[in-house]
Amino acid sequence: MNPLFRSPYLSAFIWLLFTTLFLGGTAFLAMAQEQPVSNTAHQQQAMDISKLLRCPMATNLSLFESQAPIAHELKAQIFSMLEQGDSQDEIIFFMVQRYGEKIRYQPELKGSTVALWFGPLLLLLLGVGICLGLIKR
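Residues numbered from 1 in each chain as written. Predicted model: local features only at pLDDT ≥ 70, side-chain atom pairs only at ≥ 80, totals over all residues. Heavy atoms only, no water.

- Per an unreviewed UniProt entry, the protein carries the name Cytochrome c-type biogenesis protein and comes from Shewanella scandinavica.
- Taken verbatim from the UniProt record of the protein, the Sequence similarities (unreviewed entry) comment is "Belongs to the CcmH/CycL/Ccl2/NrfF family."
- UniProt, in the comment section headed Function (unreviewed entry), describes the protein in these words: "Possible subunit of a heme lyase." (UniProt positions renumbered as here; feature names shortened; annotations may be inferred.)

1. Examining the overall build of the protein
Then step 1. Per the secondary structure count, the protein includes five helices and zero strands.
Then step 2. For the protein, the N- to C-terminal ordering of α and β elements is α-α-α-α-α.
Then step 3. Within the protein, buried positions represent 18% of all 137 residues.
Then step 4. Within the protein, contacts between residues separated by at least 24 positions form 44% of all contacts whose residues are at least 6 apart in sequence.
Then step 5. As presented, the protein carries roughly 10700 Å² of accessible surface, and 66% of it is formed by carbon and sulfur atoms. (Helix = DSSP H or I, 4+ residues; strand = E, 2+ residues; numbered from the N terminus. Buried < 20%, exposed > 50% of the residue type's maximum accessible area, 1.4 Å probe, protein only. Contact = heavy atoms within 4.5 Å. Areas by Shrake-Rupley, 256 points an atom, 1.4 Å probe, with all protein chains shown as cover.)

2. Comments concerning the side chain of His42
Then step 1. Turning to its location among the elements, His42 is positioned in helix α2 (residues 40–52).
Then step 2. If we ignore the near neighbours within four places in the chain, the residues touching His42 are Phe79, Leu82 and Glu83.

3. Examining the packing of helix α3 (residues 69–83) against helix α4 (residues 88–99)
What describes two packed helices is the angle between their axes and the distance between those same axes.
Then step 1. Close contact between α3 and α4 brings their axes to 11 Å; oriented N to C, the two are set at 140°. When the axis of α3 is compared with that of α4, the two are oblique. Once α3 is placed against α4, the crossing between them reads as right-handed. Contacts between α3 and α4 involve Ile70, Leu74, Gln77, Ile78, Met81 and Leu82 from the first element and Ile91, Phe94, Met95 and Tyr99 from the second.
Then step 2. Here the contact of α3 with α4 is composed, by residue class, of nine nonpolar, one polar and no charged. (Axes fitted to C-alpha atoms, helices over the stretch in contact; angles between N-to-C directions. Parallel < 35°, antiparallel > 145°, perpendicular 65-115°, else oblique. Left-handed = near helix turned anticlockwise from the far one by under 90°. Nonpolar A, V, L, I, M, F, W, Y, C, P; charged D, E, K, R; others polar.)

Take a look at the structure:
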């Protein structure tokens, strides 16, 4: 007999350990089965919407690219809203109301965002103008 298994307590412990691991693994696999996507059109539309929105946690990543837990929750929220019949504009409006304008990956063109849209172009033109002025001297 193997000296490791002489103790009845040790053999009972090992038996209990293997049984627990087996039942736990079986339960995990049963719960980890993903439910099939009911509509591939909703899935594609959810991916498109998640590419338009910024992740609140990850810096400079869209919801589609982010692996943060909040990004997974928001993608699930988008998908469930699509299944309920909401349109893309309604979903984006809901997310903007909830998280603010920062959640948009590309903000709307309005008075408060004009500098974001045209600021880089103006700085480039200013830099080119200064360079041309220095070259002419």
